[in-house]
Amino acid sequence: AQGDSSVYSLWWSPDSTSVCFTSGKEVIIKPLQPQAKQVMWKAHDATVMAVDWNSVNNLIVTGGEDRKYKVWDSFGRNLYVSKALEFTVTSV
């Protein structure tokens, strides 16, 4: 994968067929099959610092420099947004 921003976090999909990584304000799910289309969405108002993909319920959680953590489904639909915390969210 190539991009204009640094990758701060990367996580394998629960079935190990894709990788989910952060780049700038975006989250990208890149399938390992070359012909498959990647999914990408703006996740935070500042750099996304952390990502994790839950193997039990297939939900993705992200944390960012906007001091929030968010929960997503694997299509990039937002399910939950925390209130702004005191510091940048660097791990989830």
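Everything quoted here is computed from the prediction, not taken from an experiment.

**Student:** What is the right way to read the overall build of the protein chain from this model?
**Tutor:** Along the backbone of the protein chain there are 0 helices and 8 strands. If you list the helices and strands of the protein chain from N to C, you get β-β-β-β-β-β-β-β. Taken against the 2.2 N^0.38 rule, which gives 12 Å for 92 residues, the C-alpha radius of gyration of the protein chain at 12 Å falls within 12% of a compact globule. With the C-alpha coordinates of the protein chain rotated into their principal frame, the extents come out at 40 × 30 × 20 Å. The contacts of the protein chain with a sequence gap of at least 6 include a subset with a gap of at least 24, amounting to 27%. Counting every atom, the protein chain has about 5,700 Å² of accessible surface; 50% of that belongs to carbon and sulfur. A gap of 5 Å separates the mean positions of the 9 positive and 9 negative side-chain charges of the protein chain.

**Student:** Which parts of the structure should I look at to understand the nonpolar core?
**Tutor:** Nonpolar side chains tend toward joint burial in soluble globular proteins. Core analysis: the largest hydrophobic core is formed by 10 residues, namely Cys20, Val27, Ile29, Trp41, Ala43, Val48, Val51, Trp53, Ile60 and Trp72. Sorting the residues of this core by element identifies strand S3 (26-31) and strand S5 (48-53) as the ones contributing at least two each. Those residues within four positions of Trp41 in sequence are excluded, and the remaining contacts are Lys25, Glu26, Val27, Ile29, Ile60, Trp72, Asp73 and Gly76.

**Student:** Please explain the side chain of Ser9 as it appears in this structure.
**Tutor:** Assignment of secondary structure puts Ser9 in the segment before strand S1 (10-12). Looking at Ser9, its side chain comes within polar contact range of the main-chain nitrogen of Val51, at 3.0 Å. Discounting residues that sit within four places of it in the chain, Ser9 has contacts with Cys20, Phe21, Thr22, Met49, Ala50 and Val51.

**Student:** Looking at this structure, I do not really get the environment of Phe87. What am I missing?
**Tutor:** Among the secondary structure elements, Phe87 is positioned in the segment after strand S8 (78-81). By relative accessible area, which is 60% here, Phe87 ends up exposed. Taking the C-alpha atoms as reference, Phe87 lies 8.5 Å from Asp66; in sequence the two are 21 residues apart.

**Student:** Whenever I open this one, the pairing of strand S2 (residues 18-23) confuses me. Can you help?
**Tutor:** Along any regular strand, the residues point their side chains to alternate faces of the sheet. Of all 6 residues making up S2, 6 are buried, and the element is well covered by its neighbours. Here S1 runs beside S2; their pairing, made up of 3 bridges, is antiparallel. The residue of S2 that forms the bridge with Leu10 is Phe21. The hairpin turn running from S1 into S2, its antiparallel successor, is 5 residues long, and Ser16 in that turn takes a positive phi close to 60°.

**Student:** Even after reading the chapter, I still don't get the packing of aromatic side chains, so can you show me in this structure?
**Tutor:** Aromatic rings in a pair are described by how distant their centres are and how their planes are angled relative to each other. Taken as a whole and judged by the stated rule, the model has 2 aromatic pairs. Between the aromatic rings of Trp41 and Trp72, the centroid separation amounts to 5.6 Å while the plane-to-plane angle is 50°, which identifies the pairing as tilted. Pair noted here: Trp41 is in strand S4 (residues 39-42) and Trp72 is in strand S7 (residues 69-72), with a separation of 31 residues, a long-range link. The interplanar angle of 40° and the centroid separation of 5.9 Å between the aromatic rings of Tyr69 and Tyr80 together place this pair among those described as tilted. Taken as a pair, Tyr69 in strand S7 and Tyr80 in strand S8 lie far apart in primary sequence, 11 residues in all.

About the thresholds
- Per chain, the residues get numbers from 1 upward, laid out in the order the sequence is written.
- Given that the model is predicted, a residue must reach a pLDDT of at least 70 before its local features are reported, and side-chain atom pairs must reach 80 or more before they are shown or counted; all residues, however, enter totals for whole chains, interfaces and linings.
- With hydrogens and water excluded, all non-hydrogen atoms of the structure serve as input to the side-chain values.
- The secondary structure listing takes helices from DSSP runs of H or I that are at least 4 residues long and strands from runs of E that are at least 2 residues long, numbered from the N terminus.
- When we talk radius of gyration, it's over C-alpha atoms, and the globule rule is simply 2.2 Å times the number of residues to the 0.38.
- We call two residues contacting when some pair of their heavy atoms lies within 4.5 Å.
- Here the Shrake-Rupley method, with its probe set to 1.4 Å, supplies the accessible areas, and only the displayed protein chains count as covering residues.
- Only four residue types enter the charge count: Lys and Arg as positive, Asp and Glu as negative, with His and the chain ends excluded.
- Charge coordinates come from a single atom per side chain, which is NZ of Lys, CZ of Arg, CG of Asp or CD of Glu.
- Residues grouped as a nonpolar core are buried Ala, Val, Leu, Ile, Met, Phe, Trp, Tyr and Cys residues, joined through side-chain atoms within 4.5 Å.
- Each residue's exposure class comes from its accessible area (1.4 Å probe, protein chains only) as a fraction of the maximum for that residue type: buried when under 20%, exposed when over 50%, partly exposed otherwise.
- Any N or O atom pair separated by 3.5 Å or less is treated as a polar contact, with the protein-specific requirement of one donor-capable and one acceptor-capable atom, and with residues adjacent in sequence counted only for side-chain atom pairs.
- By this definition, two strands are paired if DSSP reports at least two bridges between them.
- Only the six-membered ring of Trp is used, alongside the rings of Phe and Tyr, when aromatic pairs are assigned; centres must lie within 6.5 Å, and planes under 30 degrees apart are stacked while those over 60 apart are edge-to-face, with the rest tilted.

By themselves, these figures tell us nothing about what the structure is for.
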